[in-house]
Amino acid sequence: MGKKQNKNSETAEAADREMNGEMADEEMTVELDLDDGSHVVCSIVTILECQEKDYIVLLPLDENGENQDGEVWFYRYREDENDPNAEPELEYIDDDREYEMVEDAFDEYLDNAEFDEIVP
């Protein structure tokens, strides 16, 4: 499975705050098998809906369960509506416009999360 990366440091810092805040108690992870045969554990930041499709935002973690480089990864996300026990499918986003649309939606998600932190 391929990956595209978002190296926006503001994005990573906000994602880290999100993961270390409310979600830290219920942190969900997924293990990805990459094209080079390696495996990486990622923390699930959120699932976004854009133009009637779902996308998952993942925060790759190192061996210590941390993210040092500020990258988040976006994938198309699908669940089998007929089988709730089936593993969800993640698909590589190879279209630049689609990727940018998801990136913009994630930036908006982070803006809302930051606003929620400021406003009690």
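Below is a summary of the structure that appears in this document. (Residues numbered from 1 in each chain as written. Predicted model: local features only at pLDDT ≥ 70, side-chain atom pairs only at ≥ 80, totals over all residues. Heavy atoms only, no water.)

**Quick look at the overall build of the protein**
Inference 1: Looking only at helices and strands, the protein has two helices and five strands in total.
Inference 2: Listing each helix as α and each strand as β along the protein from the N terminus yields α-β-β-β-β-β-α.
Inference 3: Considering only contacts within the protein whose residues lie at least 6 apart along the sequence, 49% involve residues at least 24 apart.
Inference 4: With the model as given, the accessible surface of the protein reaches about 8,000 Å², and the carbon-plus-sulfur share is 41%. (Helix = DSSP H or I, 4+ residues; strand = E, 2+ residues; numbered from the N terminus. Contact = heavy atoms within 4.5 Å. Areas by Shrake-Rupley, 256 points an atom, 1.4 Å probe, with all protein chains shown as cover.)

**Details of the sheet that holds strand β2 (residues 39–50)**
Inference 1: On the basis of which strands lie adjacent, the open sheet formed by five strands has the order β1-β2-β3-β4-β5 and antiparallel pairing. Each edge of the sheet is formed by a strand with only one pairing partner; in this case those strands are β1 (29–33) and β5 (89–91). Taken over all neighbouring pairs, the strand axes of this sheet differ in orientation by 45° on average, direction set aside.
Inference 2: Bridging between strand β4 (residues 73–78) and β5 involves three bridges; their strand directions are antiparallel. Considered in β5, the bridge of R78 is made with E89. (Pairing = 2+ DSSP bridges. Axes fitted to C-alpha atoms, helices over the stretch in contact; angles between N-to-C directions.)

**Concerning the pattern of salt bridges**
Inference 1: Per the counting criterion, the structure on display carries three salt bridges.
Inference 2: Residue R76 pairs with E98 through a salt bridge whose shortest N-O separation is 2.8 Å. One end of the pair, R76, is in strand β4; the other, E98, is in helix α2 (residues 96–118), and 22 residues separate them in sequence.
Inference 3: Here E91 ties to R78 by a salt bridge, and the two come within 2.3 Å at their closest N and O atoms. In this pair, E91 is assigned in strand β5 and R78 in strand β4, connecting sequence segments 13 residues apart.
Inference 4: Judged by relative accessible area, which is 45%, R78 ranks as partly exposed.
Inference 5: Within the structure, one salt-bridge network assembled from shared partners comprises R76, R78, E91 and E98. (Salt bridge = Lys/Arg side-chain N within 4 Å of Asp/Glu carboxyl O. Buried < 20%, exposed > 50% of the residue type's maximum accessible area, 1.4 Å probe, protein only.)

**Notes on the packing of aromatic side chains**
Inference 1: According to the stated counting rule, one finds three aromatic pairs in the structure shown.
Inference 2: Relative to F106, the ring of F74 has its centre 5.7 Å away and its plane inclined at 65°; by these criteria the two rings are edge-to-face. Highlighted residues: F74 in strand β4 and F106 in helix α2, separated in sequence by 32 residues. Assigned by exposure class, F74 and F106 land together as buried.
Inference 3: Seen in terms of ring centroids, F106 and Y109 are 5.8 Å apart; in terms of plane orientation they differ by 15°. Their pairing is stacked. Of this pair, F106 and Y109 both sit in helix α2, three residues apart, which is roughly one turn of the helix. Grouping residues by exposure puts F106 and Y109 together as buried.
Inference 4: Ring-pair connections join several aromatic residues into one group, and the members of that group are F74, Y99, F106 and Y109. (Phe/Tyr/Trp six-rings, centres within 6.5 Å; stacked < 30°, edge-to-face > 60°.)

**Some points on unusual backbone geometry**
Inference 1: Residue Q51 is not a glycine yet carries a positive backbone phi of 45°.
Inference 2: Among the secondary structure elements, Q51 is positioned in the loop between β2 and β3 (53–61).
Inference 3: In the Ramachandran plot, E52 falls in the positive-phi region, its phi being about 65° despite a non-glycine side chain.
Inference 4: Counting through the fold element by element, E52 comes out in the loop between β2 and β3.

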